[in-house]
Amino acid sequence: MTAARRAAQDRRMVKLVFLCRRRPDLTHERYAELLLRGHVPLALRHHPTLRRYVVNIVEDTRGPAPPLDSIGELWFDSLADYRERLYDSPAGADIIARDVARFMGTAAAYLTTEHVHRMPAAPPALGRRAPGGKLFACLERVPRMSYVAFRAHWLERHVPLALRHHATTHYLTNVVDERLGGGGPDYDGFAELAFASAEDVRGRMYHSPEGRAEIEADIPRFIARVHAYLVAEYVERW
C-alpha cells in the first residue's frame, strides 16, 4: 500500500488518544512493565474491534509538562466500535478491568481526527521499541481563537513549515474533536514528530537556524501552551 492510500484509509478510522498516569504505589518502570508485558497481550486478545494500537512510554519531557507515564493511541472503524463493541465477551471485559486496576491511576481520553503528513513507506515492526526518537506534543490554542481558525492555521499554515524545517521521519497531527472523559487538560490537538535518533529530538530537530526561527515565530500565532513528551514508541497492532 502506498503512503497516500494508507493516509486516506487512516482518515476513515476513528482515533482515540489516552493520556495515562500510573497508580501512586508503582514506579514508572514497573508501570511500563505491567502495561507492555501484561496489558497489551490482553488488549490484543479481548478487543476485537481494535484496528491499530500504539503505546508510547514517556521517558522525559521537553520543557515543563504535567506528569504522564504513557500515551495510548487506539484506532477503530467507528466510535460505536469503541463504545459498544470494545470487548469480545463479558468475561473479556472483566479480565481487562481487573488488569487495568493493577497499574492504571488515571486516564484522560480524547477523540481525534488524524492527519498523516509524512510516514515511512514500510509498515512498522510490531511488538518492539521503534527505532529513533519521538516527540508527542499536547497543544492548547491561543485564547479567543476559534476551533475552526486553530485547525485551519495548524493544517494549512504550520504543517507546511514543519514539513520543510523539521528533520522528521514521520509527522502526524491529531485534531481533538471531543474529550471523552477522565478529566485532563482541554487540549485542542496532539502532534507526533519522529526522528532518526533520540539525539535528533533533543538537539537536531531543525534543518537550519533559519527554519527554527520561522517555526518558533509561527507557534504563538495559534498555540498558547505546549506540553511535549519524549516517548518510546511500541506499535502493537497495525
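Please read all numbers here as calculations on a predicted model, not as lab measurements.

Would you mind showing me how to read the packing of helix α2 (residues 28-46) against helix α4 (residues 90-103) here?
Each pair of packed helices can be summarised by the angle the axes make with each other and by the distance between the axes. The geometry of α2 relative to α4 is characterised by a closest axis approach of 10 Å and an angle of 170° between their N-to-C directions. When the axes of α2 and α4 are compared, the pair comes out roughly antiparallel. Of the residues in α4, those touching α2 at Arg-30, Tyr-31, Leu-34, Leu-35, Gly-38, His-39, Leu-42, Ala-43 and His-46 are Gly-92, Ile-95, Ile-96, Asp-99, Val-100, Arg-102 and Phe-103. Taken together, the residues of the contact of α2 with α4 sort by class into 9 nonpolar, 4 polar and 3 charged.

Help me understand helix α5 (residues 147-165), please; the structure alone is not making it clear to me.
Side chains of residues three or four places apart in an α-helix project in the same direction, reflecting 3.6 residues per turn. The end-to-end C-alpha separation of α5 is 25 Å, in line with the 27 Å expected for 19 residues at 1.5 Å each. Within the sequence span of α5, burial applies to Phe-150, His-153, Trp-154, Leu-155, His-158, Val-159, Leu-161, Ala-162 and His-165. Check the buried side of α5 and you find it contacts β4 (104-118), β5 (133-141), β6 (168-181), β7 (189-195), α7 (209-218) and β8 (223-237).

Is there a simple way to think about the confidence of the model for the chain in this case?
Detailed reading of predicted coordinates is not advised where the pLDDT is low. Across the chain, the average pLDDT comes to 94, with 95% of residues at or above 70. Low confidence marks residues 5-9, where pLDDT is under 50. Its contacts with residues over four positions away, or in another chain, come to 9 contacts.

Looking at this structure, I do not really get unusual backbone geometry. What am I missing?
Negative phi characterises most residues that are not glycine, and trans characterises most peptide bonds. Non-glycine residue Arg-144 carries a positive phi angle of around 70°. Tracing the backbone shows Arg-144 in the loop between β5 and α5. The class of Arg-144 is exposed, set by a relative accessible area of 85%.

Teacher, can you tell me more about the environment of Gly-189 here?
Assignment of secondary structure puts Gly-189 in strand β7. In this structure the C-alpha to C-alpha distance between Gly-189 and Arg-204, which are 15 residues apart in sequence, comes to 24 Å. With residues near it in sequence (within four places) discarded, Gly-189 still touches Ala-137, Cys-138, Leu-139, Trp-154, Asn-174, Val-175 and Val-176.

Would you explain the packing of aromatic side chains in this entry?
Two numbers describe a pair of aromatic rings. These are the distance of the centres and the angle of the planes. With the rule as written, the count across this model stands at 10 aromatic pairs. Relative to Tyr-187, the ring of Tyr-110 has its centre 6.1 Å away and its plane inclined at 45°; by these criteria the two rings are tilted. Placement of Tyr-110 in strand β4 and of Tyr-187 in the loop between β6 and β7 is noted, with a sequence separation of 77 residues between them. Judged by relative accessible area, Tyr-110 falls into the buried class, the value being 0%. Every member of this aromatic cluster is reached through a ring pair, and the members are Tyr-110, Phe-136, Tyr-187 and Phe-190. It is Arg-52 that lies over the ring of Trp-238; its NZ or CZ is 4.0 Å from the centre.

The rules we used
Residues numbered from 1 in each chain as written. Predicted model: local features only at pLDDT ≥ 70, side-chain atom pairs only at ≥ 80, totals over all residues. Heavy atoms only, no water. Axes fitted to C-alpha atoms, helices over the stretch in contact; angles between N-to-C directions. Helix = DSSP H or I, 4+ residues; strand = E, 2+ residues; numbered from the N terminus. Parallel < 35°, antiparallel > 145°, perpendicular 65-115°, else oblique. Contact = heavy atoms within 4.5 Å. Nonpolar A, V, L, I, M, F, W, Y, C, P; charged D, E, K, R; others polar. Expected span 1.5 Å × (residues − 1). Buried < 20%, exposed > 50% of the residue type's maximum accessible area, 1.4 Å probe, protein only. pLDDT = per-residue confidence, 0-100. Phe/Tyr/Trp six-rings, centres within 6.5 Å; stacked < 30°, edge-to-face > 60°. Lys NZ or Arg CZ within 6 Å of the ring centre and 35° of its normal.

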